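# Survey of secondary and tertiary structure
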Amino acid sequence: MESVLKHVTDYTINASRGIGSARSISEAPTAVVVLNYRLPRFTPLLWSQARLRVCADGGANRLYDELPRLFPGEEPEAVRNRFKPDVIKGDLDSVRADVRDFYMNLGTRIIGEAHDQDTTDFHKIIRYIEESTPELDKTQLKVLVVGALGGRFDHEAGNINVLWTFANSLRIVLLSEESSLTLLPAGSTNEIHINQTFEGPHCGLLPVGAPSLSTTSTGLRWNLDRTPMSFGSLISTCNIVESDVVTVTSDVHLLWTIELRYDMDHDMSQVFSDCSRS
Ligand SMILES: Nc1ncnc2c1ncn2[C@@H]1O[C@H](COP(=O)(O)OP(=O)(O)OP(=O)(O)O)[C@@H](O)[C@H]1O
Ligand SMILES: Cc1ncc(C[n+]2csc(CCO)c2C)c(N)n1
């Protein structure tokens with residue numbers, strides 16, 4: 001199961017963007033952002049490998065409430081002590097006082113930001129990561145976002161919009177237990193490395209921001225060959241991955257999504273132990 005984490009969301013971007021060649025998640029520095037929706041059971045694995053761990057406001061409640069349930073054999077307090085966020089940030093109108101105080105006592109930085117009516121807490125967190133990450137690290141950093149999908153659709157759409165807002169500066173992957181979403185930048189050939197044990201086969205390529213006049217792919221059952229795509233005509237949903245490497249080239253940024261398959265019978269505490277050894 002450890003290898004899920006090595007490969008989940010492992011995609012590369014043409015060196016012309018300065019992102020570099022293929023790296024597994026175990027090599028690439030990662031930041032984990034916890035949002036305020038149901039957390040995937042692989043959250044502890046992502047957490048253990050991350051350099052930076054941040055909760056967006058009410059995301060801290062999820063961490064506090066849901067992580068102990070993943071380790072039923074352990075004292076909830078012991079689990080919470082082990083998963084200490086570096087930062088809780090946002091307008092702080094959703095994090096409960098007991099949760100805020102608990103993490104404050106552990107040494108988490110709590111950063112309140114004036115409630116503004118135009119950007120979400122998630123947007124603010126990504127801006128914070130962008131501003132606090134040195135330029136060099138930023139080209140390598142992968143921002144993995146849990147609790148991002150499966151809840152309120154306007155929140156999901158806002159979360160997806162953040163991929164576009166920061167398209168030129170950060171690689172961001174939105175995750176639920178069932179799906180992974182990321183933006184494939186326009187104008188270069190994106191190589192997506194897939195671990196078919198844990199990802200796929202179902203996937204999609206969506207021209208969310210603007211219609212595409214020309215998209216070309218390899219490695220899919222239904223490939224595109226300089227094909228136009230737009231909502232209202234063709235979009236690629238329910239496609240199937242047929243290779244360990246998928247390539248996509250398009251004139252517009254595309255949303256790439258692939259299903260995740262999680263081993264339901266796996267003992268999470270074992271997963272965590274395996275992971276900390278890596
Ligand atoms: N149901 C949901 N589905 C998906 N994402 C969510 C959901 N609820 C919250 N989020 C994400 O988690 C972040 C933090 O959630 P929180 O509940 O603190 O925010 P909020 O008060 O609803 O809205 P905002 O973040 O805009 O102030 C949000 O900015 C949003 O990105
Ligand atoms: C056109 C438009 N639509 C909706 C909002 C509302 N809104 C967007 S983000 C946000 C923050 C939530 O905490 C709120 C209230 C807006 N400002 N502009």
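Residues numbered from 1 in each chain as written. Chains lettered and ligands numbered in written order. Predicted model: local features only at pLDDT ≥ 70, side-chain atom pairs only at ≥ 80, totals over all residues. Heavy atoms only, no water.

### Quick notes on the UniProt feature "domain: Thiamin pyrophosphokinase thiamin-binding" (unreviewed entry) in the protein
Put simply, the rule reads: UniProt positions are given in the numbering used here, feature names are shortened, and annotations may be inferred rather than shown by experiment. Helix and strand labels come from DSSP, where a helix needs a run of H or I of at least four residues and a strand needs a run of E of at least two; each type is numbered from the N terminus.
UniProt records the feature "domain: Thiamin pyrophosphokinase thiamin-binding" (unreviewed entry) for residues 188-254 in the present numbering. Between the C-alpha atoms that bound residues 188-254 there is a distance of 12 Å. The span itself is 0% helix and 51% strand.

### What about the site of ligand 1?
In plain terms, the rule: It suffices for a single heavy atom of a residue to lie within 4 Å of a molecule or strand for the residue to be listed as near it. Under the rule applied, a polar contact is a pair of N or O atoms within 3.5 Å (in protein, one hydrogen donor and one hydrogen acceptor; residues adjacent in sequence only if both atoms are side-chain atoms). Accessibility throughout is a Shrake-Rupley quantity obtained with a 1.4 Å probe, and a residue counts as covered only by protein chains that appear here. With a 1 Å grid laid over protein atoms only, a set of points is called a cavity when a 1.4 Å probe fits there but cannot get out and a pocket when it is open yet has protein on both sides within 12 Å along at least five of seven lines; lining residues have an atom within 4 Å of a point. Here the criterion for a molecule occupying a pocket or cavity is that more than half of its atoms lie within 2 Å of the pocket grid points. Residue polarity follows a fixed list, in which Ala, Val, Leu, Ile, Met, Phe, Trp, Tyr, Cys and Pro are nonpolar, Asp, Glu, Lys and Arg are charged, and the others, Gly among them, are polar.
The full set close to ligand 1 counts 18 residues, and Asn 36, Gly 58, Ser 94, Asp 121 and Asn 159 are the nearest of them. Separating an oxygen atom of ligand 1 from a backbone N or O atom of Gly 58 is a distance of 3.0 Å. A distance of 3.2 Å separates a nitrogen atom of ligand 1 from a polar atom in the backbone of Arg 152. Alone, ligand 1 offers 580 Å² of accessible surface; in the complex the protein occludes 86% of this. Here ligand 1 is seated within the largest pocket. Elements with a contribution of two residues or more to the shell around ligand 1: helix H6 (121-132) and helix H8 (153-165). Here the residues of the shell around ligand 1 are counted per class, giving five nonpolar, eight polar and five charged.

### Brief notes about the packing of helix H3 (residues 59-66) against helix H5 (residues 97-106)
Selection rule: All axes are obtained by fitting lines to C-alpha atoms, using only the stretch in contact for helices, and the reported angles, taken between N-to-C directions, cover 0 to 180 degrees. In what follows, roughly perpendicular refers to angles from 65 to 115 degrees, roughly parallel to angles under 35, roughly antiparallel to angles over 145, and oblique to any angle outside these ranges. In this analysis, two residues are considered to be in contact whenever any of their non-hydrogen atoms come within 4.5 Å of each other.
It is the contact of H3 with H5, at a shortest axis distance of 10 Å, that shows an interaxial angle of 80°. What the angle tells us is that H3 and H5 run roughly perpendicular. Residues Ala 60, Asn 61, Leu 63 and Tyr 64 of H3 form the contact with H5, whose participating residues are Asp 98, Val 99, Phe 102 and Tyr 103. Here the residues of the contact of H3 with H5 are counted per class, giving six nonpolar, one polar and one charged.

### Observations regarding the sheet that holds strand S2 (residues 30-34)
As a reminder, the rule being used: We call two strands paired when DSSP finds no fewer than two bridges between them.
If you walk across this open sheet you meet the 10 strands as S5-S4-S3-S2-S6-S7-S8-S15-S10-S13, and the pairing is mixed. The sheet is open, and its two borders are formed by strand S5 (109-112) and strand S13 (236-240), each paired with just one other strand. Along the sheet, successive strands turn relative to each other by an average axial angle of 20°, direction set aside. Of the pairings in the sheet, the one linking strand S8 (residues 179-184) to strand S15 (residues 254-260) comprises six bridges and is antiparallel in character. Directly across from Leu 183, in S15, lies its bridge partner Leu 255.

### Here's the deal with unusual backbone geometry
Heads up, the rule is: The cut-offs for exposure are 20% and 50% of the maximum accessible area for each residue type, with area from a 1.4 Å probe on protein chains only; residues under the lower value are buried, those over the upper are exposed, and the others partly exposed.
Between Gly 200 and the following residue, Pro 201, the backbone shows a cis peptide bond with an omega angle of 5°. Here Pro 201 lies in strand S10 (residues 199-206). Positive phi outside glycine occurs at Leu 92, with the angle close to 60°. Its relative accessible area of 25% is what places Leu 92 among the partly exposed residues. Unlike most non-glycine residues, Arg 226 shows phi in positive territory, near 50°. The topology assignment puts Arg 226 in the loop between strand S11 (212-218) and strand S12 (227-229).

### What about H5?
Here is the rule we go by: The reported arc concerns the directions from the helix axis to the C-beta atoms and nothing else.
Buried within H5 we find Val 99, Phe 102 and Tyr 103. Taken end-on, H5 shows its buried residues confined to a sector of 85°, consistent with a single buried face. Against the buried residues of H5 lie H3, helix H4 (76-82) and strand S4 (87-90).

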